[in-house]
Amino acid sequence: MPIIQVQMLEGRSKDVKNNLLKEMNEVVCRILDVSPNQVRILLNEYSEENWSIGGISMADLSKNK
């Protein structure tokens, strides 16, 4: 049973996330030759305050754009 974890910043619409999950499931099924109900996808969303690049939070990086 494949288990996939996706980490991303929050803010995308439900439709976009559902499309991502659907497409990922289809690709995994095709490549690994498994049925859709065997695939588990965990989507973890983080706020900009809880995500950093180079030790600087995305919230602070966004302010400086």
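Treat the numbers as computed from the prediction; the structure is a model and nothing was measured. (Residues numbered from 1 in each chain as written. Predicted model: local features only at pLDDT ≥ 70, side-chain atom pairs only at ≥ 80, totals over all residues. Heavy atoms only, no water.)

Undergrad: Help me get a handle on the overall build of the protein, residues and values and all.
TA: Looking only at helices and strands, one finds 2 helices and 4 strands in the protein. Listed by position from the N terminus, the elements making up the protein come as β-α-β-β-β-α. Relative to a compact globule of 65 residues, whose C-alpha radius of gyration would be 11 Å, the protein shows 15 Å and is clearly more extended. Looking at the protein as a whole, 22% of its 65 residues qualify as buried. (Helix = DSSP H or I, 4+ residues; strand = E, 2+ residues; numbered from the N terminus. Rg over C-alpha atoms; globule rule 2.2 N^0.38 Å. Buried < 20%, exposed > 50% of the residue type's maximum accessible area, 1.4 Å probe, protein only.)

Undergrad: Residues and numbers for the side chain of lysine 17, please.
TA: Within the secondary structure, lysine 17 sits in helix H1 (residues 14–32). At 3.0 Å, the side chain of lysine 17 forms a polar contact with the side chain of glutamate 45. If sequence neighbours within four positions are ignored, lysine 17 has contacts with Met8, Arg12, Leu43 and Glu45. (Polar contact = N/O pair within 3.5 Å; in protein donor to acceptor, adjacent residues only side chain to side chain. Contact = heavy atoms within 4.5 Å.)

Undergrad: So what about the pairing of strand S2 (residues 40–46)? Which residues, and what values?
TA: The pairing of strand S1 (residues 3–9) with S2 spans 7 bridges and is classified as parallel. Within S2, the residue paired with leucine 9 across the bridge is tyrosine 46. Once the chain exits S1 it traverses H1 before rejoining the sheet at S2, and the crossover so formed is right-handed. (Pairing = 2+ DSSP bridges. Right-handed = clockwise from strand over helix to strand, strands pointing away.)

So far we have only geometry, and geometry alone does not tell us how the molecule works.
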